[in-house]
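What the coordinates show
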Amino acid sequence: MDIEFAKIIDLPKVLDERGNLSFLEENKHIPFAIKRTYWIYDVPGGEKRGGHSYKKNQEFIIAMSGSFDVVLADRNKTKVFSLNRSYYGLYVPIGLWRHLENFSTNSLAFIVASEDYDAEDYIREYNEFLLTPKI
Ligand code: TYD
C-alpha cells in the first residue's frame, strides 16, 4: 500500500454553547464498515505502541484526549501524523507499517477497526513487512 492512501479525515462538528459533539458513521465518514473499537490510555511517558502492519485490518485513529503521533511507513517513505483533536482522525489503510509515540499525559487514543481481533492478521517483524508482496 502506498502511504499516500493514508489521510486525515475531518469529522462533523456540532458546536453548541453546552459543548461540542462529533460523530462518525461507517462507510460514510470513514471508508469501511466497523467491526471493533479499542482504545489505548495510561501510556507511560516515552512508550511506543503499535510497531506492526496488518494484512486485512483498516483503522481510523482519533485522539479523543491529549495528543500523540502516528508514524506510518510504506517501503519507501515515512510520514508522521500528529493527532490532538477529537473532531478528526487518521485513516490507516492495510499494508502500512505503523506505530504510535509521543503520548501526552492523560492522552486517549481511540481506534475504530474494520476487522475482529486476529493475531494472525499482524505482521510484527519489520523485515517480514519489507518482504511481503505490496498490497
Ligand atoms: P497489540 O495490538 O499487540 O498492541 P500494541 O501493538 O499497541 O502493542 O495488543 C496488545 C494485546 O492486546 C495483545 O495481547 C492482544 C490484545 N488485544 C486484543 O485482545 N484485542 C484487541 O482488539 C487488541 C487491539 C488487542
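It should be noted that the structure appears before, not after, this text.
The model shown is predicted, which means the values in this text are computed figures rather than measured ones.

Helices and strands together make up the secondary structure of the protein, namely one helix and 12 strands. Compactness check: the protein gives a C-alpha radius of gyration of 15 Å against a globular reference of 14 Å for 135 residues, within 12% of the reference. For the protein, the spread of C-alpha atoms along the principal axes amounts to about 55 × 35 × 25 Å. Within the span of the protein, comprising 135 residues, buried residues form 41% of the whole. Across the protein, the fraction of contacts at a sequence separation of at least 24, relative to all contacts at a separation of at least 6, is 77%. Computed over 17 positive and 20 negative side-chain charges, the separation of the two mean positions in the protein equals 3 Å.

Strand pairing in a sheet relies on backbone hydrogen bonds. The paired strands run either parallel or antiparallel. Within the open sheet, the five strands sit side by side as β1-β9-β6-β11-β4. Their pairing is antiparallel. Looking at strand neighbours, the two that pair on one side only are β1 (7-10) and β4 (36-41), the edges of this open sheet. Each neighbouring strand pair of the sheet contributes to a mean axis angle of 25 degrees, computed without reference to strand direction. Note: strand β6 (residues 59-65) against strand β9 (residues 88-92), four bridges, orientation antiparallel. Its bridge partner lying in β9, Ile61 is registered against Leu90.

Rules used in this analysis
Residues numbered from 1 in each chain as written. Predicted model: local features only at pLDDT ≥ 70, side-chain atom pairs only at ≥ 80, totals over all residues. Heavy atoms only, no water. Helix = DSSP H or I, 4+ residues; strand = E, 2+ residues; numbered from the N terminus. Rg over C-alpha atoms; globule rule 2.2 N^0.38 Å. Buried < 20%, exposed > 50% of the residue type's maximum accessible area, 1.4 Å probe, protein only. Contact = heavy atoms within 4.5 Å. Lys, Arg positive; Asp, Glu negative; His and termini not counted. Charge placed at Lys NZ, Arg CZ, Asp CG, Glu CD. Pairing = 2+ DSSP bridges. Axes fitted to C-alpha atoms, helices over the stretch in contact; angles between N-to-C directions.

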